Amino acid sequence: MPTPHKYPNSEKLEEVTRVPVNVDTSDQRLLELGYKPEFRREMSLFGVLGISFCAIGILTGMSSAFQTGLFSGGPLGLFWGWNICSFFMFLIALSLAEICSSYPTLGGLYFWVCKMKPDLPILGFCTGWIYSIAMVFTGTAGNLSVALYIASMAEVGQGRSLTRVETTAIAWAVNITSGIINSIGTKAIGRMSTINVWWTFGGTFVLVIALLVKAPVKNSAEFVFTNYQNFTGWNSRGFVVLLGFLQAIYTLEGCETAAQLAEEAKRAEILAPLAVVGSIAGSWLIGLAYMLALLFSVQSIVNVQETTYAIPIAQLFYDAVGPALTIVCLVVVAFAQTTASITAFAASSRLFYALARDNAFPAKEKFMALNRFQAPYWGVWTSVLAGCILSCAYIGSVIAFNAMLSSGGDICYA
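1. Some words on the overall build of the protein
Then, in step 1: Across its full length, the protein holds 18 helices and zero strands.
Then, in step 2: Computed over the C-alpha atoms, the radius of gyration of the protein is 22 Å, within 12% of the 22 Å expected from 2.2 N^0.38 for a compact globule of 414 residues.
Then, in step 3: Overall, the C-alpha framework of the protein stretches about 70 × 40 × 35 Å when taken along its three principal axes.
Then, in step 4: In the protein, buried positions account for 55% of the 414 residues.
Then, in step 5: Long-range contacts, defined as pairs at least 24 residues apart, comprise 81% of the intrachain contacts of the protein with a sequence gap of at least 6.
Then, in step 6: Within the structure as shown, the protein displays about 16,800 Å² of accessible surface, and the carbon and sulfur contribution to it stands at 66%.
Then, in step 7: The protein carries 23 positive and 23 negative side-chain charges, and their two centres are separated by 4 Å.

2. A closer look at the packing of aromatic side chains
Then, in step 1: Applying the stated criterion to the full structure yields 16 aromatic pairs.
Then, in step 2: Ring centres 4.7 Å apart and planes at 75° place the aromatic pair F361 and F367 in the edge-to-face group.
Then, in step 3: An aromatic cluster of three or more residues is present, and its members are F125, W129, F352, F361, F367 and W378.
Then, in step 4: The lysine or arginine in question, R237, covers the ring of Y228, its NZ or CZ lying 4.2 Å from the ring centre.

3. So, the nonpolar core
Then, in step 1: In terms of nonpolar packing, the biggest core is built from 105 residues, with F66, L211, Y290, L294, L316 and F317 touching the most fellow members.
Then, in step 2: Tallying contributions element by element places helix α14 (residues 313–357) first for this core, with 20 residues.
Then, in step 3: Not counting residues within four places of it along the chain, the set of residues in contact with F66 comprises G61, L78, Q247, M291, L294, L295, I313 and L316.

4. Focus: the side chain of S183
Then, in step 1: Within the fold, S183 resides in helix α8 (residues 164–184).
Then, in step 2: On the basis of relative accessibility, which here comes to 13%, the residue S183 falls in the buried class.
Then, in step 3: At 2.7 Å, the side chain of S183 and the backbone oxygen of G179 are in polar contact.
Then, in step 4: At 2.8 Å, the side chain of S183 and the side chain of W381 are in polar contact.
Then, in step 5: Those residues in contact with S183, other than ones at most four positions away along the chain, are N371, F373, A375, V380 and W381.

5. Concerning empty space enclosed by the protein
Then, in step 1: The final tally for this structure, using the stated rule, is one cavity of 30 Å³ or more.
Then, in step 2: Lining the largest cavity are F53, C54, G57, I58, L59, T60, N196, T200, A336 and T339.
Then, in step 3: Every element with two or more residues in the lining of the largest cavity is listed here: α3 (45–56), α4 (58–71), α9 (186–214) and α14.
Then, in step 4: With three residues, α4 is the single largest residue contributor to the lining of the largest cavity.
Then, in step 5: Taken together, the residues that form the lining of the largest cavity break down as five nonpolar, five polar and no charged.

6. With respect to the environment of A259
Then, in step 1: Here A259 lies in the loop between α11 (237–252) and α12 (268–297).
Then, in step 2: Taking relative accessible area as the criterion, A259 reaches 0% and is therefore assigned buried.
Then, in step 3: Residues A259 and V276 lie 17 residues apart in sequence; the distance between their C-alpha atoms is 7.9 Å.
Then, in step 4: Aside from chain neighbours lying at most four places away, what touches A259 is C100, T105, L106, G108 and W112.

7. Thoughts on unusual backbone geometry
Then, in step 1: Non-glycine residue A363 carries a positive phi angle of around 55°.
Then, in step 2: Of note, A363 is situated in the loop between α14 and α15 (364–367).
Then, in step 3: Among the residues examined, A363 registers a relative accessible area of 40% and is labelled partly exposed.
Then, in step 4: You will see that Q374, though not glycine, has its phi angle at about 65°, which is positive.

Parameters at a glance
- Residues numbered from 1 in each chain as written.
- Predicted model: local features only at pLDDT ≥ 70, side-chain atom pairs only at ≥ 80, totals over all residues.
- Heavy atoms only, no water.
- Helix = DSSP H or I, 4+ residues; strand = E, 2+ residues; numbered from the N terminus.
- Rg over C-alpha atoms; globule rule 2.2 N^0.38 Å.
- Buried < 20%, exposed > 50% of the residue type's maximum accessible area, 1.4 Å probe, protein only.
- Contact = heavy atoms within 4.5 Å.
- Areas by Shrake-Rupley, 256 points an atom, 1.4 Å probe, with all protein chains shown as cover.
- Lys, Arg positive; Asp, Glu negative; His and termini not counted.
- Charge placed at Lys NZ, Arg CZ, Asp CG, Glu CD.
- Phe/Tyr/Trp six-rings, centres within 6.5 Å; stacked < 30°, edge-to-face > 60°.
- Lys NZ or Arg CZ within 6 Å of the ring centre and 35° of its normal.
- Core = buried A, V, L, I, M, F, W, Y, C linked by side-chain atoms within 4.5 Å.
- Polar contact = N/O pair within 3.5 Å; in protein donor to acceptor, adjacent residues only side chain to side chain.
- 1 Å grid on protein atoms, 1.4 Å probe; cavity = no way out; pocket = protein on both sides within 12 Å on 5 of 7 lines; lining within 4 Å.
- Points joined across faces, edges and corners; volume = space filled by probe spheres on them.
- Nonpolar A, V, L, I, M, F, W, Y, C, P; charged D, E, K, R; others polar.

Below is the structure:
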């Protein structure tokens, strides 16, 4: 069973107590929790905030899951579902931030469960393992989504449909790229996540302007706020609208990811909680602007439902802004999706490290080993290997692949 509140032997406890007088405030808190600081604290507020922004992936989550709400409740369910779910996710983020400020360590949810329920360590053990697996699944799904965006670009730009093998090969390439960037360490991830914050702001601006300016027909406010659609086969209006809420829940998950890199952040007890709350608040507003632009510019819901493109949102872009700008829109979203996938593997590798540190993971010495860039490279490349293996399922069955990854995400955030 994991014992995150202490070292498993007296030698390590003695080692922890021998600390310099001028120790950093965040490191002092880590020592009080029973852990020796191992990572360099090189991540700023924007870096930590960017980690949660990457994990939430407002542009990617909204784009990839938009059709779910569009077919289950339509604009009515999308608009009201987004605001209702965002409000409650903000309340959840406030609670998570308070816990994070007290326990700013790697492991996040896993460590919090162990500390808050020490009499049942099995809960922490299960949380850590399930959450680690779900992060690997999330990264794998994200990498395949990048491949699907690229496949959609090929369809729009060249009229060529990529085979499943070609799509999977692209996903492998993105998987390996994620591993390389994560192996470079904290600075690389921090810079990437900072870039993602500005990319999200700038990309949203580009998408909103392009959609609202170029759309041949602008929908009315009545359509955007009250139109109901049902492609599900269910007769209950209320139930169908609730199904559409899944789009918002899927998009907004991941704010707690900032805690996974808390031991690599300056003043982690302040910056990590701010990132947890700030990522939800920012995503709420940015997502609302992007959603409204999509709803005002969608030309035909039926076209989106019947599209042959690998990603349905590509059809919405194509109808609204034409082929050339559709490529631009897909590039904006695909880059954001790439950073989100990299973040997922960063989180999974830190979870492996945290579990190994508490004797809850096999090959402890290997998964706690850091390279010269301060990256837990065993955890990184284990995630990459698992992602490549899981991606192969897409070749055999798209439905089986989607079901497998959806199950992983659902278990993680249940």
